[in-house]
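Listed here are the chains, written in short residue letters.
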Amino acid sequence: MILPLFPSPKNPSSSFQNTRRHLLRSDSKSSNPNARMRLYDDLLLNGYYTTRLWIGTPPQRFALIVDTGSTVTYVPCATCEQCGRHQDPKFQPESSSTYQSVKCNSDCNCDKSRVQCIYERQYAEMSSSRGVLGEDILSFGNQSELVPQRAVFGCENEETGDLYSQRADGIMGLGRGDLSVVDQLVEKGVISDSFSLCYGGMDIGGGAMVLGGISAPSDMFFTHSDPVRSPYYNIDLKEIHVAGKQLPLDPSIFDEKHGTVLDSGTTYAYLPEAAFVAFKNAIIKELDSLKQIRGPDPNYIDICFSSGSSNVNVSELSKIFPTVELVFGNQKKLLLSPENYLFRHSKVRGSYCLGIFQNEKDLTTLLGGIIVRNTLVTYDREHSKIGFWKTNCSEISERLHRTGGSSSSSGKDNSTVESPTTSAAGGSSRYALPGEIQIGEIRLDMSLSINNSYLKPRINELTDFIAIELEINASQVRLLNFTSEGNSSLVRWAIVPSESSTYISNVTAISIISLLAEHRVKFPVTFGNYKLVQWKVKPNSQQPWRQKHYSTVILSIIIVIIVGLSASAAWVIWRHRQRNINSYKPVHVAVPEQELQPLES
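Only a predicted model underlies this, so the values are computations on that prediction, with no experimental measurement involved. (Residues numbered from 1 in each chain as written. Predicted model: local features only at pLDDT ≥ 70, side-chain atom pairs only at ≥ 80, totals over all residues. Heavy atoms only, no water.)

## Here we look at unusual backbone geometry
To be explicit about the condition: Note on conventions: DSSP H or I runs of at least 4 residues are helices, E runs of at least 2 residues are strands, and numbering of each starts at the N terminus. Using a 1.4 Å probe on the protein chains alone, a residue whose accessible area is under 20% of its type maximum counts as buried, one over 50% counts as exposed, and one in between counts as partly exposed.
In this structure, P58 follows T57 across a cis peptide bond, with omega equal to -5 degrees. Take P58: it is sitting in the loop between β2 (50-55) and β3 (60-67). Positive phi, close to 70 degrees, is recorded for Q331, a residue that is not glycine. Here Q331 shows up in the loop between β21 (324-328) and β22 (333-336). When its relative accessible area of 52% is taken as the criterion, Q331 is described as exposed. Phi at E471 is positive, roughly 60 degrees, even though this residue is not glycine.

Next up, the structure:
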């Protein structure tokens, strides 16, 4: 557990305006387009959610942590000598025909030679990012109605701490400030002053992000967010209820310092000391029948409970753990199911720990991503309010895609692989498929330069990396088998359609195959080098009913005809025999002798 970050001065260009993040881990219709983007990763496995952003011409792809507590979007620069090994290659300004550095001016901090604008961000867990400001084309993916736009971003020359060691490439700043990507797009007039985030639930991950306004669901409720109160996205929290009972707290406790802040870059939730103690005691009281156990990390005093079963599904948690409600100033209530305040114990199966902690001596109430899992959160900055709507966030990306009404959402391609809007979607013609078929499975044989004994305990991790790199759901990647070939391993995978589709489109299949065949998939160095040995596609077996049962129908018809003809023939023969037995005999025809019956007197 890393402590939440400290607030910082308000000068947006010279120091650390919005630095509250955690590195583990419009209700009205608008005529403006929006950028609809998928979210990847998992809040507790990775400590964050990322989205894909393309920068430059031609586009260079990056995986960026979505962070409402930061105002700068930055990626590692090709000139950076103190940057870690991340998911994608560093940004190469010289390879982009549209890149321009931001020259030193009165509105920014300048480098020592007073030639370029620079930025610097520091975080409480002792990580930092420094670099120069540049301007280039940002592309938002093929689900976006919003065409690529020029924007200012940070090109890192130095990173330390968790920023150095994390797998994600950088940060996408969604906070309030001149350098925020939201503020820049709003200032250009290309989107309305609103954005939405939807984080997937426990063990699922993924989700969606929308830059710009959306039509709010009819049952979404809003609470006031005061932009003057602090640079962060605050909400008007007044009460917390556990199992329907209000915690005995003065409402002013949630209004201290920065108030109650929503921060998508923070993993867990942090309460002031008095509020945390009251919450912890209320939870323990409701769970007095459960055994309290040690947490997974001996360095921290986590509050964990054994459920008594090693096979408790997420859907069954509400039968064991109490519901929690956040009550706002307008008396609207946000219901928190157990997945919104628990995390799974990593060492004891069937056990769970509180994901809400004490905020040390800081009086701010900080609500991280765990609180809003499976909740669509709309940051309506234009109307100074934030909306909440409980939903399945792992599926909402597809629903937004289908109901968008844009040319990019026509339904012709159900691809789950995004590409920059400035490039062609077809992929290389070298990976020709057998016509326009509905693909039910892509089978991939991959050779890895590591032995089986090393790979076996890490195969699930490799599966997750493949899903991330191919930009598909982890449930679509299935391990078929893996065998040893000396010091290397041969692994066979199957890529199957997503739960919302019955087939994989040709465009998606070609994209997946070309990514692997052309070594554009980047795995951690721990998995060595890889080679795509061979691939093949299998047609979709879920055919229309008439095609699927055609032979059965024909056979049934033939059987009915045969049975009918046999029955007709038998009836004709029987009738013929009956006529022969009972037919009329002329008087002169001899008849067989019959035994005479005695006459009755």
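## Regarding the pattern of salt bridges
Note that side chains of opposite charge can pair when their charged atoms are close. For clarity, the threshold we go by: Any carboxyl oxygen of Asp or Glu within 4 Å of a side-chain nitrogen of Lys or Arg constitutes a salt bridge here.
Taken as a whole, this structure holds 18 salt bridges when the rule is applied. Note that R167 and E469 form a salt bridge whose closest N and O atoms lie 3.2 Å from each other. Of the two residues, R167 is situated in the loop between α1 (162-165) and β10 (170-173) and E469 in helix α6 (residues 459-470); the sequence distance between them amounts to 302 residues. Per residue, the accessibility class of R167 equals that of E469, and both read buried. Here D362 ties to K257 by a salt bridge, and the two come within 3.6 Å at their closest N and O atoms.

## Focus on the nonpolar core
Rules: Nonpolar cores were defined as sets of buried Ala, Val, Leu, Ile, Met, Phe, Trp, Tyr and Cys residues, with membership established by side-chain atoms within 4.5 Å. In this entry, domain limits derive from an automatic or database-based domain assignment. Throughout, a residue-residue contact means that at least one pair of heavy atoms, one from each residue, lies within 4.5 Å.
Core analysis: the biggest nonpolar cluster contains 88 residues, and L174, L211, F279 and F388 have the highest contact counts within it. Among the elements that make up this core, the one with the highest residue count is helix α3 (residues 273-286) (six residues). A domain-level breakdown of this core finds at least three residues from each of domain 1 (35-191) and domain 2 (221-370). Setting aside its immediate chain neighbours within four residues, F279 contacts I240, V242, L247, L271, V324, Y341, L354 and I356. Core analysis: the next-biggest nonpolar cluster, separate from the first, contains 30 residues, I472, V477, I495 and L516 among them.

## Notes on the sheet that holds strand β31 (residues 488-495)
Selection criterion: Here, a strand pair is defined by DSSP locating no fewer than two bridges between the strands. The angle between two axes is taken between their N-to-C directions and runs from 0 to 180 degrees, where each axis is a line fitted to C-alpha atoms and a helix contributes only its stretch in contact.
Read across the open sheet, the four strands follow the order β30-β31-β29-β32; overall the sheet is antiparallel. Two strands lie at the open edges of the sheet, namely β30 (477-485) and β32 (530-539), each paired on one side alone. Strand-to-strand twist in this sheet, taken as the mean axis angle between neighbours without regard to direction, amounts to 15 degrees. Bridging between strand β29 (residues 439-448) and β31 involves seven bridges; their strand directions are antiparallel.

## Points about the packing of aromatic side chains
Selection criterion: Only rings of Phe, Tyr and Trp enter the pairing, Trp through its six-membered ring, and a pair is recorded when the two centres are within 6.5 Å. The plane angle decides the type: under 30 degrees is stacked, over 60 is edge-to-face, the rest tilted.
Using the criterion set out here, one finds 19 aromatic pairs in the structure. Taking 5.4 Å as the distance between ring centres and 90 degrees as the angle between the ring planes, the aromatic pair formed by F91 and F153 counts as edge-to-face. Taken together, the residues span a long stretch of sequence, with F91 in the loop between β4 (74-76) and β5 (100-101) and F153 in strand β9 (residues 149-160) at a distance of 62 residues. Each of the two residues, F91 as well as F153, counts as buried. Between F328 and F388, the ring centres sit 5.7 Å apart and the planes meet at 10 degrees, which makes this aromatic pair stacked. With F328 in strand β21 and F388 in strand β28 (residues 385-390), the pair connects residues that are 60 residues apart, well separated along the chain. For F328, a relative accessible area of 0% gives the class buried. The exposure class of F388 is buried, given its relative accessible area of 2%. Aromatic ring contacts, followed pair by pair, group F62, F91, Y99 and F153 into a single cluster.

## Here's the deal with the UniProt feature "active site" (unreviewed entry) in the protein
Rules: UniProt positions are given in the numbering used here, feature names are shortened, and annotations may be inferred rather than shown by experiment. Whenever two N or O atoms come within 3.5 Å, that pair is a polar contact, provided that in protein one can donate a hydrogen and the other can accept it, and provided that, for residues adjacent in sequence, both atoms are side-chain atoms.
Following the UniProt record, the feature "active site" (unreviewed entry) maps to D67 and D263 here. Over a stretch of 197 residues, the named residues converge on one spot in the fold, their C-alpha atoms separated by at most 7.0 Å. Its place among the elements puts D67 in strand β3. Accessibility expressed as a relative area gives 0% for D67, which makes it buried. Within the element layout of this structure, D263 appears in the loop between β17 (260-262) and β18 (269-271). A polar side-chain atom of D263 sits 2.9 Å from a polar atom in the side chain of T266.

## Some remarks on the state of the cysteines
Using the following cut-off: Note on disulfides: each one is a pair of cysteine sulfur atoms within 2.5 Å.
Under the defined criterion, the tally for this structure stands at six disulfides. Each disulfide pairs two cysteine sulfurs, and for C77 the partner residue is C155, the sulfurs being separated by 2.0 Å. Residues C77 and C155 are joined by a disulfide whose S-S torsion is about 85 degrees; by sign, that bridge is right-handed. One end of the pair, C77, is in the loop between β4 and β5; the other, C155, is in strand β9, with 78 residues separating them in the sequence.

## Here's the deal with the sheet that holds β22
Strand pairing in a sheet relies on backbone hydrogen bonds, with the paired strands running either antiparallel or parallel. Pairing is antiparallel across the open sheet formed by four strands, whose spatial order is β16-β15-β21-β22. Both edges of this open sheet fall to β16 (245-246) and β22, since each of them pairs with a single strand only. As paired elements, β21 and β22 share four bridges and run antiparallel to each other. Looking at β22, one finds that V324 is bridged to L336. Where α3 meets the sheet, its contacts fall on β15 (237-242), β16 and β21, and the angle it forms with β15 comes to roughly 20 degrees.

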